[in-house]
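One letter stands for each residue in the lines below.
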Amino acid sequence: MPDYYYQIKARKTSEYDGESEWAFPPAFSGLVTAADRKKAKEIIEEEYGREFPVRVLKKDLDEHHYLLRISEIDPSDEYILRRFRETQCKECGAKFRPIDKYNDPYSDNSGADYCTARCATAGKARDIRDLKLVVEGKVPAVIYQVRQISTGRVYVGQTTQPFTLRWWQHVTYPGESKFHEIIKSTPITDFDFSVIEVIVFPENCTDAVRYITDRERFWIEEKNAVTLGFNTVRPTGISPQQILSLDTI
Ligand SMILES: [Zn+2]
């Protein structure tokens, strides 16, 4: 049965023109599994003990407090699905579901990597420190692979931390990804860990993060790690906020 992502939007009065509009973020976002959209709507309305309109014309806005948006989730839509999985904060190790933060009006951080704004700030500072050590040549950035010996399937990753630490983190704090599901369900003796490239930045490299990610993408393709292996997604272009020029660190 398909999963449906739903959002309950609440009406508010615009601060600009005093007109009614739907507030952002939504009052609540959730997921239901149902045979079809109609059934999904029934489940949600049952849960809330009331009916919701799924369409409200602008002229009728003042008559409705809430609007329900429902859309079927493409099973490959990691962007939405990861919000519903239990995740480990990259800084403090606390477990959380990104969606719960999203639904919490007091949450100060909506990202999927860190539990709070405090951890996000500390984690990003650490990333910069780690990368600084990499750029100074004190710790090499590496591309590593974890191979399941019995099947030959691999997971490819990058790290700017001491590389054995990354393997330890995968084993000690597995999340809900395809790779972590395998780690949890398979004896550890069935895996080996190896470094497949020590990153050497080219002379003219101005963006260390992008270069490491390019090399990671190369190895994910080379090992066919998404289709045959344990990687879930190919690393895509990184967002502008993450670009760290070698000049500034
Ligand atoms: Zn945290």
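Located above this text is the structure these notes cover.
Residues numbered from 1 in each chain as written. Predicted model: local features only at pLDDT ≥ 70, side-chain atom pairs only at ≥ 80, totals over all residues. Heavy atoms only, no water.

Novice: How should I be thinking about the packing of aromatic side chains in this particular structure?
Specialist: Geometry of an aromatic ring pair is reported as the spacing of the ring centres plus the angle between the planes. Evaluation of the coordinates by the stated rule reveals 13 aromatic pairs. Aromatic side chains Tyr6 and Phe28 sit 6.3 Å apart centroid to centroid with 35° between the ring planes, which places their arrangement in the tilted category. Taken together, the positions of Tyr6 in strand 1 (residues 3-13) and Phe28 in strand 3 (residues 28-33) put the pair 22 residues apart, joining distant regions of the chain. Residue class for Tyr6 comes out buried when judged on its relative accessible area of 3%. Given the relative accessible area of 30%, Phe28 is considered partly exposed. Measuring from ring centre to ring centre gives 5.6 Å for Tyr48 and Phe52, while their planes differ by 80°; the resulting arrangement is edge-to-face. Take Phe52: its relative accessible area is 5%, and that puts it in the buried class. Here the aromatic residues Tyr144, Tyr155, Phe163, Trp167, Phe179, Phe191, Phe193 and Phe230 are joined through ring pairs into a cluster of three or more. (Phe/Tyr/Trp six-rings, centres within 6.5 Å; stacked < 30°, edge-to-face > 60°. Helix = DSSP H or I, 4+ residues; strand = E, 2+ residues; numbered from the N terminus. Buried < 20%, exposed > 50% of the residue type's maximum accessible area, 1.4 Å probe, protein only.)

Novice: Any chance you could explain the coordination of the zinc ion here in plain terms?
Specialist: By definition of the ideal shapes, a tetrahedral metal site with four donors has angles of 109.5 degrees and an octahedral site with six donors has angles of 90 or 180 degrees. Protein-derived ligands of the zinc ion are Cys89 (SG), Cys92 (SG), Cys115 (SG) and Cys119 (SG), with the metal-ligand distances lying across 2.3 to 2.4 Å. Metal-centred angles of 108 to 113° between the four donor atoms at the zinc ion mark the site as tetrahedral. When the donor residues of the zinc ion are listed from N- to C-terminus, their spacing reads C-x2-C-x22-C-x3-C. Taken as a pair, Cys89 in the loop between strand 5 (87-88) and strand 6 (95-96) and Cys115 in the loop between helix 3 (98-103) and helix 4 (117-135) lie far apart in primary sequence, 26 residues in all. The burial state of Cys89 is the same as that of Cys115; both residues are buried. (Donors = N, O, S within 2.8 Å, 3.2 Å for Na, K, Ca; no water. Tetrahedral: all angles 85-135°; square planar, octahedral: opposite > 155°, others 65-115°.)

Novice: It is not clear to me how the pairing of strand 7 (residues 142-148) should be interpreted in this structure. Could you clarify?
Specialist: Regular strands place side chains that alternate from one sheet face to the opposite one. A large share of strand 7 lies buried, amounting to six of its seven residues. One ladder, built from six bridges, connects strand 7 with strand 8 (residues 154-159); its direction is antiparallel. Pairing of Val146 across the sheet is with Tyr155, part of strand 8. Where strand 7 hands over to strand 8, the hairpin turn is made up of five residues, of which Gly152 adopts a positive phi near 80°. Pairing geometry for strand 7 and strand 9 (residues 191-198), over seven bridges, is antiparallel. In the sheet register, Arg147 faces strand 9, and the bridge partner there is Asp192. (Pairing = 2+ DSSP bridges.)

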